Amino acid sequence: MNMEDIKSPFDGAVVGEAPVATLADVDAAISKAVSGADLWRHTPAHIRSAILLKAAALADERSEEIAQIISGENGKSLIEARGEASRSGEIIRLAAFEGSQLYGSTLPLDANKGTGLEKLGFTMRQPVGVVVAISPFNYPALLVLHKIAPALAVGNSVVLKPARTTPLTAIALAKCFTDAGLPEGVLQVLHGPGSELGDALVKDSRVRKISFTGSTATGTHISSVAGVKKLSLELGSSCPVVVLDDADIEYATDAIALGGYINAGQVCISVQRVIVDEKIMANFLDALKPKVEAIKVGNPKSDETKVGTLINESEAIRVENSIKQAVSDGATLLTGGARDKTIIKPAIVCGVDPKSAFAQDELFGPAIAVSSANGIKEAIGLANSTIYGLGAGVFTKNVDLAIQSAREIDAGIVHINWTPLWRADLMPYGGLKSSGVGKEGVRSTVNEMTEEKTIILHGRSW
Ligand code: NAP
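All values reported here derive from a predicted model rather than from experimental measurement.

A. Quick peek at the site of the ligand. Taken together, the neighbourhood of the ligand is formed by 30 residues, with Ser-135, Gly-194, Ser-215, Leu-235 and Glu-362 sitting nearest. Between the ligand and Lys-161, the relevant distance is 2.8 Å, taken from an oxygen atom to a side-chain nitrogen or oxygen of the residue. Relative to its free-state accessible area of 910 Å², the ligand is covered by the protein chains to the extent of 86%. Breaking the shell around the ligand down by element, the ones donating at least two residues are helix H8 (194–203), strand S8 (207–213) and helix H9 (216–225).

B. Spotlight on the domain arrangement of the protein chain. Looking at the assigned domains, one finds that the protein chain contains domain 1 (3–235 + 435–456) and domain 2 (239–424). Using C-alpha coordinates to define each centre, domain 1 is positioned 31 Å away from domain 2. If you look at the interface, domain 1 gives 27 residues, while domain 2 gives 24 residues. Summed over both partners, the interface of domain 1 with domain 2 buries about 2,200 Å², with 52% contributed by carbon and sulfur atoms. Taken as a group, Phe-10, Phe-137 and Ser-435 account for 25% of the area that domain 1 buries against domain 2, more than any other trio of residues on that side. Scanning the region where domain 1 abuts domain 2 turns up 0 salt bridges. At the surface where domain 1 touches domain 2, the tally comes to 11 residue pairs in polar contact (both at pLDDT 80 or more). Of all the elements in the fold, those that place two or more residues in the side of domain 1 that touches domain 2 are helix H3 (63–74), helix H4 (78–86) and helix H6 (142–153). Looking at the side of domain 1 that touches domain 2, the element that brings in the most residues is H3, giving 5 residues.

C. Quick look at the pairing of strand S18 (residues 413–416). Judged by which residues are buried, S18 turns out to be one-sided: Ile-413 and His-415 face inward and are buried, whereas Val-414 and Ile-416, on the alternate face, are not. In terms of strand pairing, strand S17 (residues 391–395) meets S18 through 4 bridges, oriented parallel. Within S18, the residue paired with Gly-393 across the bridge is His-415. Note that the unit made of S17, helix H15 (residues 399–408) and S18 has a crossover that is right-handed.

D. Region of interest: the packing of helix H2 (residues 45–61) against helix H7 (residues 167–179). Axis separation between H2 and H7 bottoms out at 8 Å; the angle between their running directions is 135 degrees. Looking at the two axes, H2 sits oblique to H7. Handedness of the crossing formed by H2 with H7: right-handed. In this structure, H2 contributes Ile-51, Leu-52, Ala-55, Leu-58 and Ala-59 to the contact, and H7 contributes Cys-176, Phe-177 and Asp-179. Grouping the amino acids of the contact of H2 with H7 by side-chain chemistry returns 7 nonpolar, no polar and 1 charged.

E. Region of the structure containing the sheet that holds strand S11 (residues 271–277). Here we have 7 strands laid out as an open sheet, ordered S12-S15-S16-S11-S10-S17-S18, and mixed in their pairing. Of all strands in the sheet, those with a lone pairing partner are strand S12 (332–335) and S18, marking the two edges. Sheet twist, expressed as the average angle between the axes of neighbouring strands with direction ignored, equals 25 degrees. The pairing of S12 with strand S15 (residues 347–350) spans 3 bridges and is classified as antiparallel.

Rules and cut-offs
- Residues numbered from 1 in each chain as written.
- Predicted model: local features only at pLDDT ≥ 70, side-chain atom pairs only at ≥ 80, totals over all residues.
- Heavy atoms only, no water.
- Near = heavy atom within 4 Å.
- Polar contact = N/O pair within 3.5 Å; in protein donor to acceptor, adjacent residues only side chain to side chain.
- Areas by Shrake-Rupley, 256 points an atom, 1.4 Å probe, with all protein chains shown as cover.
- Helix = DSSP H or I, 4+ residues; strand = E, 2+ residues; numbered from the N terminus.
- Domains from an automatic or database assignment.
- Contact = heavy atoms within 4.5 Å.
- Buried area = accessible area lost by both parts, 1.4 Å probe.
- Salt bridge = Lys/Arg side-chain N within 4 Å of Asp/Glu carboxyl O.
- Buried < 20%, exposed > 50% of the residue type's maximum accessible area, 1.4 Å probe, protein only.
- Pairing = 2+ DSSP bridges.
- Right-handed = clockwise from strand over helix to strand, strands pointing away.
- Axes fitted to C-alpha atoms, helices over the stretch in contact; angles between N-to-C directions.
- Parallel < 35°, antiparallel > 145°, perpendicular 65-115°, else oblique.
- Left-handed = near helix turned anticlockwise from the far one by under 90°.
- Nonpolar A, V, L, I, M, F, W, Y, C, P; charged D, E, K, R; others polar.

Okay, structure coming up:
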C-alpha cells in the first residue's frame, strides 16, 4: 500500500504516516471481516470481555502517547487531547461489561388466544456480523471507541474507516485491541478518502451494519446507497442554548464560554446559537465577553493553550468567511473572529437573525450566534427552528420552565442548567431530525450492534 504523510494542522510538520487503501483493499478487508465475524461470534462472551479488559488496560497505559497523537494530527490542545485519551480505557471497560449483558426475555405465549402451555418462547440477542464504522476527525479517539468497543464486545467484526486527517489515533487504538489478543480479521482499519472508498464499504451486502458519525450531507448520501442493512447516523447540528430571564447569568456565561469554544467549536454538541431573553441581554453580554476573551488559543502542545487549531486552513477560512458574512448581513461582532492560519480567535456574534445561515447552518467553528427572544415560548420556537435536533441547553431557576423546555425542545439531549457540550459515555446519545438516526452511548450501541431473535419451542400437549 502507498503510505501517506499525516501532518499537524498547526505547523504542517509530519506527525506520522498511514497506508492508503484502494478499492481492492476494501474488498479484501470485508472478506477477512466475514471470517473474523464468524470466529468472534463463536467466541464465548467471557473470553471477548477478557480481551477487551486487557485492551482497556493498554489504552490506560498508553494514554499519554495517544494524547500526543490526537493533538498532533488533529490540532486540539494537549489539555483537551489528554482529557479525550483518558476516557479510552473507561469506554472499553464499559463496553466489556455491557457486552456481557445480552439478556433476552421470556414470552408469555399462553396469553395468545388458542395457545396452551406446550410452547416456550424467548428472545435472544446476537451480533449483527460485519460492521463498517466510519468516523469524523473531531474526536478521533472517542468517536472511534464508541463504535468499535461495543461492536467488538458483542461479537461483531469491524472495518473502521477513520477520517482522512486523523488515522493515527485510530491505528494506535486498534493496536491496543490486537496487542490484547483480538484475533486477526476481527478489527481492521482502512485509511483513505471517504469519497472514494465510502460507497464500496457502505453498499457491500456482506456488511450488516453501518455506524456513521459525520456531516448530515455524507450521512444523507450513505442512507441513499446503503440498501437494506442496519444504519446508525450521528450527524450535524446547530445546537441552541436558551437563557431565560431568571437564569444565573454568571453561571450560564461560565458554561457558554466553555461550550461554544472547546475543540475550536468543532463539536457536534458545541453551543452555536444562544437565545437570550431580551430583558437580560445587556448583562448577559457584559458577563460573557471577558470570559471568551480570556480563552488562550495557540500552539496545541503548549501548556498555556486551552483551544488549538481548526482541522485545516480551508476550514478556518470557511469559518472566518461565515463570521464576516453574518456581520455584513447586519449582525455585530462583539469580540474575536480574527484568523491566523488555522487558528481563529473565539468570537461572539450578536444580533444574529435566527433565520440567517449563520444560525441555521452548522458552523463547526469557535463562534456563537446570539439572538434575543421575548419569553419562553418565543425562545423554544427559535431553539426548534433549524433542521437539526442533537443537543440543547436551558438556563433557568424555575422548575416549571425547566420541565416545559425539556418537553418541548426538539433535541435528542436536553440539558437543564448546562450547555449541550457535556457527555457521559454511558448515556444515550443521538439526534432528532437531520441530526441523525439511532443512538450511541455504550448500552445503546450494544443494542444497535445486535439483532433480536425470537425463538419458539413447539412442544406437544401433555
Ligand atoms: P464528514 O466529511 O461527513 O466525514 C466523516 C467521515 O465520513 C470521514 O471518515 C470521511 O472520510 C467519511 N466520508 C466522506 N465521504 C464519504 C462517503 N461518500 N461515504 C462514506 N464515508 C464518507 O464529516 P467531518 O467533517 O469529518 O466531521 C464533521 C461533521 O461530523 C460535523 O457535521 C459534525 O456535526 C459531525 N459530527 C457528529 C457527531 C454526532 O454525534 N452527531 C459527532 C461528531 C461529529 P474522509 O475524511 O476521508 O473524507
